[in-house]
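Structural characterization, general
Now for the letters of each chain:
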Amino acid sequence: IIKLTEFVTANELATMMNVPVIQVISTCMSIGIMVSINQRLDAETIDLVADEFGFKTEYTSAEVSEAVAEEEDSEEDLVERAPIVTVMGHVDHGKTSLLDHIRNANVIAGEAGGITQHIGAYNVRLKNGRHITFLDTPGHEAFTAMRARGAQVTDIAIIIIAADDDIMPQTKEAISHAVAANVPIVFAINKIDKPGANPDKIKEGLAQMNFLVEEWGGKYQSQDISAKKGDGVFELLEKVLLEADMLELKANPNRNAAGTVIESSLDKGRGYVATVLVSNGTLRQGDIILAGTNYGRVKALFNERGQRIKEVGPSQAATVLGLNGAPQAGDQLHSMNTEQEAREIATKREQLAREQGLRTTRRRGLDDIAHEI
Ligand code: GTP
Ligand code: MG
């Protein structure tokens, strides 16, 4: 991958790919473009040439990506925020059972109305008074899809492994996702109520992968649990909170909201509905928002209990009504000061996306022709 902040010359592109400039020029000639050494190439040509030499391009300048400028928060404005946790693991090892137990059971402080809506994320208050936000998106597909879009929403990963099974391919995959994202791991060794369960075998397997658990002298926290009966679940969550304490997670609730779109859809009665996990600031009804190539004014906000709310702060999720389209999971959301600004950036992004789409189709067209010849 070569990262570009501006459109480069033939010479600069050659240097980036570490090939003689004459090869770049002759590649251009072969596709019918005459260029000189110091001629600035357009995006389409750069992509074609890079592709020829086995490189992918990525444009990172603000001009190209239309990033929203974010101000740094000063230390005294920051307050503690709840950790955002994802549960990952092999198929059938108990992800859903664990999340269901946490959602329903006595590990959380009783709140009138319970969690009724599936909105992709929910925040629970534990009986010790502390909060955790769970991302309840299906497995690690969502995790990787969002990471691929540059969104890092998870603070801590729970890797769940069934003690009556082995460390399986998806377990390893989940571990490597967490490691790649630099997200701390807490292991949950599940199904310990089952007759054939052997938690030590799992810990042994982890040790062989260089993930030595704490009770064996390593640095990784792990907890034996039964997601079905609830045994060990509160202890697991306490370990998650310990991990969170070390991360010193903070946010500034007194600023324009920034967050990540978790999911979105078109609802017949309500229009476009997006679930947003706020990472910083406070999102309020009436705010002008920008999310991916979409924008609008927040008409209404709902929490995971289906209740209408006026505002939502850091590490909290809400469904948002009022966008003019459905943004993609992983898109960043920002509250903007003016509607004009939101519209301009959304339009520019849409234009860029269209151009990029056009470029790839045109390139595919060239390939097709090459095949026909
Ligand atoms: P997928 O979403 O399909 O990947 O599975 P999952 O990881 O969400 O697993 P799920 O929670 O659906 O559990 C799979 C099966 O294991 C179900 O039949 C659960 O009832 C069972 N199960 C999960 N946790 C436990 C446990 O602690 N003890 C026992 N005995 N069974 C469990
Ligand atoms: Mg499941």
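Given the structure is predicted, the values throughout are model-derived calculations rather than measurements.

With respect to the helices and strands, Thr133 occurs in strand 6 (residues 131–135). Engagement of the side chain of Thr133 in a polar contact is seen with the side chain of Asn123, the distance being 2.8 Å. Here Ser315 takes part through its backbone oxygen, which lies 2.5 Å from a polar atom of the side chain of Thr133. Once residues within four sequence positions are removed from consideration, Thr133 is found in contact with Ala82, Pro83, Ile84, Val85, Tyr122, Asn123, Leu277 and Ser315.

Right, let's get into the side chain of Ser226. Within the secondary structure, Ser226 is located in the loop between strand 9 (221–224) and helix 9 (233–247). Within the local environment of Ser226, its side chain forms a polar contact with the side chain of Asp193, the two groups lying 3.0 Å apart. The residues contacting Ser226, other than those within four sequence positions of it, are Asn190, Lys191, Ile192, Asp193, Asp231 and Val233.

Bringing the packing of aromatic side chains into the picture now. Within the structure shown, the criterion is met by 4 aromatic pairs. Through a chain of ring-to-ring contacts, the aromatic side chains of Phe187, Phe211 and Tyr220 assemble into a single cluster. Positioned above the aromatic ring of Phe234, the side-chain terminus of Lys127 is 4.6 Å from the ring centre. Residue placement shows Arg270 over the ring face of Phe302; its charged tip is 5.6 Å from the ring centre.

Turning to helix 3 (residues 43–52), a few remarks are in order. Counting buried positions over the 10 residues of helix 3 gives 7, a clear majority of the element. Inspection of helix 3 places Ala43, Thr45, Ile46, Asp47, Leu48, Val49 and Ala50 among the buried residues, and these make up the whole buried set. Just past helix 3, the residue Gly54 takes up positive phi, approximately 80 degrees.

All chains considered together, the criterion is met by 13 salt bridges. Salt-bridge contacts for Glu311 lead to Arg284; the nearest nitrogen and oxygen are separated by 3.0 Å. Of this pair, Glu311 sits in strand 17 (residues 311–312) while Arg284 sits in strand 13 (residues 283–284); the two residues are 27 residues apart in sequence, bridging distant segments of the chain. Classification of Glu311 as partly exposed rests on a relative accessible area of 44%. Here Glu304 and Arg305 are joined by a salt bridge, their closest N and O atoms 3.2 Å apart.

On to the pairing of strand 18 (residues 317–323). Burial analysis of strand 18 places 7 of its 7 residues in the buried class, which makes it a mostly covered element. Where strand 12 (residues 271–280) meets strand 18, 5 bridges bridge the pair, whose relative direction is antiparallel. Following the sheet pairing, Ala274 is matched in strand 18 by Val320. Pairing geometry for strand 15 (residues 294–302) and strand 18, over 4 bridges, is antiparallel.

Let us look at the confidence of the model for the protein chain. On average, residues of the protein chain carry a pLDDT of 86, and 84% of them reach 70 or more. Here residues 359–367 is a poorly scored stretch, pLDDT under 50, and it has 9 contacts once near neighbours within four places are set aside; other chains count. Two numbers describe this predicted complex: its pTM, 0.78, and its ipTM, 0.99.

Among the nonpolar cores identified, the biggest contains 25 residues, and Leu98, Ile102, Ile132, Phe134 and Ile158 are the most heavily contacted of them. If you list the elements that add at least two residues to this core, you get strand 4 (84–89), helix 5 (95–104), strand 5 (121–125), strand 6, strand 7 (156–162), strand 8 (185–190) and helix 9. When residues in this core are grouped by element, the largest group, 7 residues, is from helix 9. In this structure, Leu98 is in contact with Val87, Ile158, Ile160, Ile225, Ala227, Val233 and Leu236, ignoring residues within four places of it in sequence. Core analysis: the second largest hydrophobic core is formed by 20 residues, Ile161, Ile167, Val183 and Phe211 among them.

Criteria and cut-off values
- Residues numbered from 1 in each chain as written.
- Chains lettered and ligands numbered in written order.
- Predicted model: local features only at pLDDT ≥ 70, side-chain atom pairs only at ≥ 80, totals over all residues.
- Heavy atoms only, no water.
- Helix = DSSP H or I, 4+ residues; strand = E, 2+ residues; numbered from the N terminus.
- Polar contact = N/O pair within 3.5 Å; in protein donor to acceptor, adjacent residues only side chain to side chain.
- Contact = heavy atoms within 4.5 Å.
- Phe/Tyr/Trp six-rings, centres within 6.5 Å; stacked < 30°, edge-to-face > 60°.
- Lys NZ or Arg CZ within 6 Å of the ring centre and 35° of its normal.
- Buried < 20%, exposed > 50% of the residue type's maximum accessible area, 1.4 Å probe, protein only.
- Salt bridge = Lys/Arg side-chain N within 4 Å of Asp/Glu carboxyl O.
- Pairing = 2+ DSSP bridges.
- pLDDT = per-residue confidence, 0-100.
- Core = buried A, V, L, I, M, F, W, Y, C linked by side-chain atoms within 4.5 Å.

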